[in-house]
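Secondary and tertiary structure notes
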Amino acid sequence: MPSPDDTRFAPGFRFSWTDALVLILGAGLTGWLASFAGELALLAAWVIGHFFLFCNVFRIGRKPELVWAGAFIVLAALSLGMERLDLRLALALSLGLSTLLILREMCLPRYHGIFWQRMNPRLPEWWGSRRGQR
């Protein structure tokens, strides 16, 4: 297995066969789930969509992903499990957190997702300095 130092410089949007398979299976399973549990299907689609946005489009770091996942679990539990929060409000709060995490990530010197050239034009220099290349 290659070390992190062996990874190649490949910023921007990414899409692989594995991503396609996950999206296709996720869509199929979400459709199946919708036939008997609409709210759960909506939540499943929400998570799959965010996974794709975080990993393939904006490529945010692992810690912000985990922050979002933890907050989403709490919001889903408050909404569906405990019935203390309207599902629409839970999704709106989740979307707000997503937006904040993405905007925060786009301001970091490591940002390498979509629009990286506009948001972070010095990324190649940063990447090279982190890899011992100049």
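Because the structure is a prediction, the values reported are computed rather than measured. (Residues numbered from 1 in each chain as written. Predicted model: local features only at pLDDT ≥ 70, side-chain atom pairs only at ≥ 80, totals over all residues. Heavy atoms only, no water.)

**Re the overall build of the chain**
Broken down by element type, the chain carries six helices and zero strands. For the chain, the sequential pattern of α-helices and β-strands runs α-α-α-α-α-α. Counting every position in the chain, which comprises 134 residues, the buried fraction comes to 33%. For the chain, long-range pairs separated by at least 24 residues make up 60% of all intrachain contacts whose partners lie at least 6 apart in sequence. If the 14 positive side-chain charges of the chain are averaged to one point and the 9 negative ones to another, these points end up 8 Å apart. (Helix = DSSP H or I, 4+ residues; strand = E, 2+ residues; numbered from the N terminus. Buried < 20%, exposed > 50% of the residue type's maximum accessible area, 1.4 Å probe, protein only. Contact = heavy atoms within 4.5 Å. Lys, Arg positive; Asp, Glu negative; His and termini not counted. Charge placed at Lys NZ, Arg CZ, Asp CG, Glu CD.)

**Notes on the packing of aromatic side chains**
Enumeration over the complete set of coordinates arrives at nine aromatic pairs. Note on Trp32 and Phe36: the rings are 4.9 Å apart at their centroids and 75° apart in plane angle, and the pair reads as edge-to-face. One exposure class covers both Trp32 and Phe36, and it is exposed. Chaining the aromatic ring pairs together yields one cluster made of Phe9, Trp116, Trp126 and Trp127. (Phe/Tyr/Trp six-rings, centres within 6.5 Å; stacked < 30°, edge-to-face > 60°.)

**Brief notes about the pattern of salt bridges**
A full pass over the atoms with the stated rule returns three salt bridges. Notably, a salt bridge pairs Arg122 with Glu125, separated by 2.9 Å at the nearest N-O pair. (Salt bridge = Lys/Arg side-chain N within 4 Å of Asp/Glu carboxyl O.)

**Here we look at the confidence of the model for the chain**
When pLDDT is averaged along the chain, the result is 90, and 93% of the positions lie at 70 or above. Mean pLDDT values over the elements of the chain span from 88, in helix α6 (residues 123-130), up to 96, in helix α4 (residues 87-106). Segment residues 1-6 is flagged for pLDDT under 50; beyond a separation of four residues in sequence, or across chains, it makes three contacts in the model. (pLDDT = per-residue confidence, 0-100.)

**A look at the packing of helix α2 (residues 38-57) against α4**
Between α2 and α4, the shortest axis-to-axis distance is 12 Å and the interhelical angle comes to 5°. As far as their axial angle goes, α4 and α2 are roughly parallel. The segment α2 lies against α4, with Glu39, Leu42, Leu43, Trp46, His50 and Phe54 engaging Leu87, Leu91, Ser94, Leu95, Ser98 and Ile102. Among the residues forming the contact of α2 with α4, the class breakdown is eight nonpolar, three polar and one charged. (Axes fitted to C-alpha atoms, helices over the stretch in contact; angles between N-to-C directions. Parallel < 35°, antiparallel > 145°, perpendicular 65-115°, else oblique. Nonpolar A, V, L, I, M, F, W, Y, C, P; charged D, E, K, R; others polar.)

**Brief notes about α6**
Within α6, the full set of buried residues consists of Leu123, Trp127 and Gly128. Viewed along the axis of α6, the buried residues span an arc of 130°, placing them on a single side of the element. Buried residues in α6 make contact with α5 (116-119). (Arc of directions from axis to C-beta.)

**Looking at the packing of helix α3 (residues 62-81) against α4**
One way to put it is that α3 packs onto α4 with a least axis distance of 9 Å and a crossing angle of 170°. With respect to α4, the element α3 is oriented roughly antiparallel. Of α4, the residues touching α3 (which contributes Pro64, Val67, Trp68, Ala71, Phe72, Leu75 and Ser79) are Leu87, Ala90, Leu91, Leu93, Ser94, Leu97, Ser98, Leu101, Arg104 and Glu105. Of the residues that constitute the contact of α3 with α4, the class distribution is twelve nonpolar, three polar and two charged.

**So, the nonpolar core**
Within the largest apolar cluster, 17 residues are counted, with the highest numbers of intra-cluster contacts made by Leu43, Phe58, Phe72 and Ile102. At the level of secondary structure, the elements contributing two or more residues to this core comprise α2, α3 and α4. No other element matches the five residues that α4 contributes to this core. Once residues lying within four places of it in the same chain are set aside, the contact partners of Phe72 are Leu43, Trp46, Val47, Leu91 and Ser94. (Core = buried A, V, L, I, M, F, W, Y, C linked by side-chain atoms within 4.5 Å.)

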